[in-house]
Every structure is written in structure tokens, then in C-alpha cells.
Amino acid sequence: MVRASGFSRRIAALAAATFLCAGAPAMAQLATYPVADAASDADLVARGEYLAKAADCMPCHTGDKAKPFAGGLGLNTPFGVIYSPNITSDRSTGIGLWTYEQFVNAVRNGIRKDGAYLYPAMPFDAYTEISDDDMKALWAYVRRIPPIPNTPPANGLAFPFNVRLGMLAWRELFFDDSRFTPTAGKSEAWNRGAYLVNALGHCGDCHTPRNIMGATKGKAHFLGADVDGFWAPDIATDALKKSSWTADTLSTFLKTGSAPAKTSVFGPMAEVVHESLGFLTDADRAAIVTYLFDSPRPADVPAPQAASPLSAVVYARASALYVDNCAVCHMDKGAGRGDTVPALAGNPAVVAAEPYNIIMAVLGGLPTGGTYGAMPSFAGRLDDQQVADLANYVRTSWGNSAAPNVTASMVASWRATAHVPDYGTQAADAFTCPDVGGAPGSDGPDPKAVAALSAMMAGGQRSIPMMVDAYKAASGSSGSGTVVDALTAAYCPVVAKGAAPTWQKYAELRRFTLQAALEVSRRTVSGPVDSQTIAWALPVGPGLVLKEPKSLVGKLACPADDGKAVPADLSAAATKALGTPKPPMAGDAISTLATTLYQQNPKAHPADVANALIVAYCRVVAAQPNASVADQNELLNGFAGQAVQALQLLPPRKIVVEVPAKAAAAPAVPAAPASAAPAQKK
């Protein structure tokens, strides 16, 4: 049976097309139990049946009236024919092998049992508001539906609409996975009506026009739309009042399909009344009427955008960048792919106060590590403003609440670090100083100012803040990328003249350039961006940089040993390795301590290793009797600088991959002699 017409008789019906996808390959039976054992609580089952009627489930999932809920109803959409699936308890063609979790994931999140996305025709954007208790009741009832073997025809969607991966963009831009929340200040009846209309009844899916991507137009909510060649009228509050509807006449219409002196139901709405609304209690119909006569004004933008602190213009281009460049791997809502691609939602590296790590991940990519695959670099695909927009979008979406403090100028300073050749390349092996000619169309750093800086460095000057100021004063340039390029170009020949091995020359130049990028980028933002008030190691991609404290005379505030600032197991290992030394510690001892702890914890990020030692030493320093605040800061800053530099100068770490227990252990990473690093001015 095929129902002719446009975009579904009632989007819920079209939803049935892909809803629950009974035709998907069977998966292992997880946490299932026989249908005969389901829902012994008769009241729960009865409630579930009532809710299923309120949601109008049966008509959408019935192609042959002799086979209720067995699917097969065909719906002609602008994209082709879609057939509703079998949702009876049949174990071969229905959902008899589904678990409650899989049922919830399909109904509220739009994801089938096999993990594929459902099309936006499925009203999971409304059903996502259904409460947990009501989902349990629905499941209790659905599992009791008698099994009816029936395999609906395959969908007849034309390319590209038959490619479900295209749903990534729709979900990212329009779907808000959230439950119904009562509105404060409104009556119990009003809130009940809002729940019935917007969640179970999904009235807006028929009475609201849709955009080209199949999402309802928020600004036109309830204002009317074409459904199967019939007009679903404007049911917004103003329209109802202008049309002289009253609470009594509307209640009667919803119950019987007829309102004296007004109208009689016809078209798709007739089935809604006779199979759904007519079965509701008088109290629930009254609640619906209460809500419709006082429904809120339409939202200006989709819920995901409304929750964003970004401007409408920035949000539009940033969300498009995420869909085009990130969503295929990191999925919609930044959910990731289990243990193969990390989630971005709630990721500590993403929401850190300092945004430098995410900038470097986008620009430089990330190597394979553990069970995660490699991430490619996007430096050649995205310009500085695009990287900034994308980083701010990821830091403020899906519940992430970091500050959108990334700027194009900040990105430019970190992009410049890519001009240092990667160790192992021909340029690095020969230690050819990197080409720092700048961006296309740019002449690069001022050569006279670079030469002056190089002479200063050859004389022992290593203060990056001072050299940044000196270059800006000498060249008149304030471009972030150019300043970092200038310092790199000035320092490179100084490092090249040293006697250290080539890999250590590379590591030292890389260390210096990262520190220069940190100094320059910190000057491009206003407001606090520091996660800690003490000297602290910041992760930047696979590497790290040292963030010096803004104040050298402030009271020492050691982070709490609660597993938040540093992983608890690493903190314990650092405390044990450090012991109870008497400050100050010798530089060689600090370097050995850092490299040893790094080797003993091959899965730890070097920044975490450094910070674990910094926190442990901070407690030692804070306990020193008669030490002034200035002395405490000097002791901790010196220790932090030596520990971070030791880790920065290590050769590239072999990637840690999970292997069977009997496999041979990977060789230890050789430590870099502390003496190999160029001396730093104290």
C-alpha cells in the first residue's frame, strides 16, 4: 500500500519509513528477554498503549489493516518512497530482538539498531522530549504487540537521499537531544499540553513548513504547511483567536472531528482524530487546548544555535566548517566514534582555559595513539580565521562551556611553528634553517631586525618577551605569524652552530618556536585564559610549552591533589619519584626525574608528566620554613622550566599501541642529556 502525496501524511508517518528499521541486519542479542515475560505490570502496559495512541504510532506502522504495526505503509516524499518498518515483536522481521536501550536510541535520538541515522522525516526531533517514565511505558506496550512476520519493501529513495551519512549535517544544525522541561510560571495543565503537543503529538511536524533540508522552520512554528496535498492550518495562538475558536469548540473538534458552526475534519487530520486524539482523556484534550491558546512565540533560530554564544554570522560559517571538515569522524554533536575517534563534547583538551592545544591539533594533526587513529592536518585547507571560528565553535557547542577566545591572530602565531621542519625529514636531518618567508604575498620578517635579534641571541639573550618587543620596535610589524617567524629565523643559525646532535638541534628550535608562539598568542586576547596561577605545562598537539605565571610575587597556590589538574595515578607516581628533596634541586636531577617519569608512563602526555612533578614540587616548596613568597615562586619556576625543557628536548616518542600481554615490550625512550640544551640565561 502506497500513500500518495508530498512530504508525509503527518511527518510522524513519514517517520515510520525509517523509524526502527526492521530490515537492518540482526545483531547479537544483548540484555533481551522473551516477549512473554515483558511488562508484568498491567498498568504500565495500559499506560504505554495510551501513549502510543497519543503519539499516533499504529497508523504510521500499518500498511495492511489486517496486520497492525507490521509496517509496509508507503509514503511518497519529494525524495522518493519510504516504507514504514515492522515494529511488532516478531524476531525475524520486527523488533523482537531489540533491547530497551536500542528502542530509546531510535525513538529519542534517531539512531537505528545497526547504528545508522534515521532521516529527519522520523519525528525523533519531537520524541526526544519524551520522558524516561513514558519511554519505559511505551517499551512495555510495544514489546507486547503480537508478532506478525512481514518484511516491508525496500525504500525507494534516489541518490543522494539514500546516503544516510548525509544526516550528519542535519543533526548538527537542527537536532537538539533534550527532554521536556516544564516552563516555570505556567500551570500544570499548560505544561501537560505543551508536552502532548510538542513531544508525543509532534503537532509542529505537520503544522510547520520545512526548509530544503527537511527541518521545520523555527520562525514559522505552527503557521501552517502542506501535508499530502491538504493544508494543515495555522494553529498559532493568534490565528486560533482571530478565527473565533473557543476552548469548548476546539476541545469538541479534537474529540469528534467536528465543531458546530465551524468545520469538520477531513484529509490526514481525520486519521489523527480517529486514531489518536479521540482516545485521549478529556483532561489531556483540555490541556492541549490550554497550551494552544497560549503557545509561545516561535523561536528565531534552531535550538543548537540558540544555545551558542557565537554571533549568528560566526555560528553559520563555523557550523558549516565543522560539518564539512570534522563531522564525518567526530560525528554530530561531537560524539566521536567509541575508541577509534575521540569525542569533542566534554573533552578536557577542548574545553581547557587555554585554547592552544586545539589550535595545534587542527593545524598540525595528531599521530596515531592507543586505539585512536591519526588526525590529518588542516593547515593547508583552512585559513587563520576559519581555524579560529572552528575552534570557538567546538569549544562552545554540545554543552562545552569554554570561552570562545581563539582569534585569527592567535592562530597565525601557532601556524608559524609549522615552519620548523619535522624531525626525520631531509631538511631537519641536514638542519637546514626553515624557510620563514611568511604567507603568500608577504616578504616575511624584516631581515635587519632578524639579524639584530640573532646577534642578541648569540650573546646569550633568551628572554622571549623581550625579543618580541624588540622585533616589533625595530620592524614596526605586529603580525603574530611574522613575529614568530622572525624569532625562529633569528634563533635558527644560533642553534645550527652548536655541537649537539641534529635531533637535539631540531628539538631545541622547536621548543623555542613553540614558546615564542605562546608568548605572542597570549598577547592577542583579553581576559583570563590561564587554567593555573603557577608555572604550568600546556599541551600543544603532541608537544608542550611552559606557561609562566603572570605574577612572580603572588602567594603560591598549589593545585589540589584531587585528580582534576593532573591524573591521580600520575600525581601519585610523581610524588613518590620526587620524594622529599631539599630545594633548590640541581638542573640535571630535575631533567633525569622528568625523563624517567616520562619513560615509566608511556601513555601519559608529556604536559601531564611535567605538571605532575610541578604539583608535587609545589607542595615541597610551600612547606619550606621561613621561605618568602618571592623565594617560593623562584624555586617553583626554576623547577618547572627545567622539567618542561627536558621533556621538550626528548626525541619523538614511539606511539603506544595496545598489544597482547605476551608481546614484547617496546624499547625505552632514550633520555636527552641535560647538557645538550643550549644554556638559558638565569
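Up top is the structure these notes are about.
Cut-offs used in this document
Throughout, residues of each chain are indexed from 1 in the direction in which the sequence is written. Owing to the predicted nature of the model, reporting of local features is limited to residues with pLDDT of at least 70; listing and counting of side-chain atom pairs is limited to 80 or more, with chain, interface and lining totals taken over all residues. Heavy atoms from the whole structure form the basis of all side-chain values; hydrogens and water molecules are not counted. By the criteria applied, helices consist of DSSP H or I runs no shorter than four residues and strands consist of E runs no shorter than two, each listed in order from the N terminus. The rule is simple: take the accessible area with a 1.4 Å probe, protein chains only, and divide by the maximum for that residue type; under 20% is buried, over 50% is exposed, in between is partly exposed. Working definition of accessibility: Shrake-Rupley area with a 1.4 Å probe, residue cover restricted to the visible protein chains. Cysteine sulfurs are considered disulfide-paired once they come within 2.5 Å of each other. In this description, contact between two residues means that some pair of their heavy atoms is separated by no more than 4.5 Å. A pair of strands is considered paired only if DSSP assigns at least 2 bridges between the two. Axis lines are fitted to C-alpha atoms, over the contacting stretch for helices. Their N-to-C directions set the angle, which ranges from 0 to 180 degrees. For classification, angles of less than 35 degrees are called roughly parallel, those exceeding 145 degrees roughly antiparallel, those between 65 and 115 degrees roughly perpendicular, and all remaining angles oblique. Each crossing is labelled by how the near helix is turned from the far one, with a counterclockwise turn of less than a right angle marking it left-handed and a clockwise turn marking it right-handed. Residue type decides the class: Asp, Glu, Lys and Arg count as charged, Ala, Val, Leu, Ile, Met, Phe, Trp, Tyr, Cys and Pro as nonpolar, and the leftover types, Gly among them, as polar. This arc is built from the directions going out from the helix axis to the C-beta atoms. What makes a salt bridge here is a side-chain nitrogen of Lys or Arg within 4 Å of a carboxyl oxygen of Asp or Glu, nothing more. For the purposes of this section, nonpolar cores are sets of buried Ala, Val, Leu, Ile, Met, Phe, Trp, Tyr and Cys residues that join through side-chain atoms within 4.5 Å.

A. Examining the overall build of the chain more closely. A count of helices and strands for the chain gives 29 helices and ten strands. In the chain, which comprises 682 residues, the proportion classed as buried is 50%. Accessible area for the chain stands at about 30,400 Å²; split by element, carbon and sulfur atoms hold 58% of it.

B. A look at the state of the cysteines. By the definition in use, this model includes one disulfide. Note on cysteine connectivity: C558 is disulfide-linked to C618, with sulfurs 2.0 Å apart. Residues C558 and C618 share a disulfide whose torsion about the S-S bond is about -85°; that sign makes it left-handed. Here C558 is found in the loop between β10 (543-547) and α26 (568-578), whereas its partner C618 is found in helix α28 (residues 606-622), with 60 residues between them in sequence. Here C558 falls in the partly exposed class, since its relative accessible area comes to 28%. For C60, which is in no disulfide, the shortest distance to another cysteine sulfur is to C57 and amounts to 7.4 Å. What makes C60 buried here is its relative accessible area of 2%. Cysteine C329 shares no disulfide, and the gap to the nearest cysteine sulfur, in C326, comes to 8.7 Å. When its relative accessible area of 43% is taken as the criterion, C329 is described as partly exposed.

C. Summary view of unusual backbone geometry. P583 connects to P584 through a cis peptide bond whose omega is 0°. Phi angles above zero are rare outside glycine, and H202 is one such case at about 35°. Position of H202 relative to the elements: it lies in the loop between α8 (188-200) and α9 (204-207). The class for H202 is buried, based on a relative accessible area of 1%. Phi is positive for N626, close to 65°, though the residue is something other than glycine. By the element assignment, N626 lies in the loop between α28 and α29 (629-648).

D. Fine view of helix α4 (residues 100-109). Buried residues dominate α4, accounting for seven of its ten residues. Those residues of α4 not exposed but buried are Q102, F103, V104, A106, V107, R108 and N109.

E. Expanded view of the environment of A402. Within the secondary structure layout, A402 lies in the loop between α19 (384-396) and α20 (408-415). A relative accessible area of 11% places A402 in the buried class. Discounting residues that sit within four places of it in the chain, A402 has contacts with V350, V351, R395 and T396.

F. Highlighting the environment of K186. Mapped onto the elements, K186 comes out in the loop between α7 (167-174) and α8. The class for K186 is partly exposed, based on a relative accessible area of 34%. Beyond its immediate stretch of four places on either side in the chain, K186 contacts N191 and D294.

G. Looking closely at the pairing of strand β9 (residues 536-540). Most of β9 sits out of view: four of its five residues are buried. Where β9 lies against β10, five bridges are found, and the strand directions are antiparallel. Bridging across to β10, P539 finds its partner in L544. Between β9 and the antiparallel strand that follows it, β10, lie two residues; G541 among them carries a positive phi value of about 65°.

H. Geometry of the packing of α20 against helix α24 (residues 480-496). Viewed as axis vectors pointing N to C, α20 and α24 meet at an angle of 25°, and their least axial separation amounts to 7 Å. Comparing the axis directions of α20 and α24 gives the class roughly parallel. Relative to α24, the crossing made by α20 is right-handed. Here S409, A412 and S413 of α20 come into contact with α24, specifically with S480, G481 and V484. Split by residue class, the contact of α20 with α24 holds two nonpolar, four polar and no charged.

I. Spotlight on helix α11 (residues 247-256). All of the buried residues in α11 are T249, L250, F253 and L254. The arc that holds every buried residue of α11, seen down its axis, measures 135°, which confines them to one face. Its buried side turned inward, α11 meets α10 (237-242), β7 (258-259), β8 (263-264), α12 (268-275) and α13 (282-292). Following α11 by one or two positions, G257 adopts a phi angle in the positive range, close to 85°.

J. View of the pairing of β10. Where burial is concerned, most of β10 is hidden: five out of the five residues are buried. By the alternation rule, side chains of β10 split into G543, V545 and K547 and L544 and L546, which are all buried.

K. View of the pattern of salt bridges. For the structure on display, the rule yields 13 salt bridges. The partner of R47 in a salt bridge is D134, with the nearest N and O atoms 2.3 Å apart. Of the two residues, R47 is situated in helix α2 (residues 42-54) and D134 in helix α6 (residues 132-142); the sequence distance between them amounts to 87 residues. In this structure R47 comes out as partly exposed when scored by relative accessible area, which is 34%. Counted as one network, the salt bridges with shared partners bring together K255, D282 and R285.

L. Summary view of the nonpolar core. Judged by nonpolar contacts, the single largest core of 95 residues is most densely connected at W414 and L487. Top contributing element to this core by residue count: α28, with twelve residues. In this structure, W414 is in contact with Y356, I359, M360, L363, L514, A517, L518, S521, V540 and V545, ignoring residues within four places of it in sequence. With 56 residues, the next largest nonpolar core counts I95, L138, Y141 and A259 among its residues.

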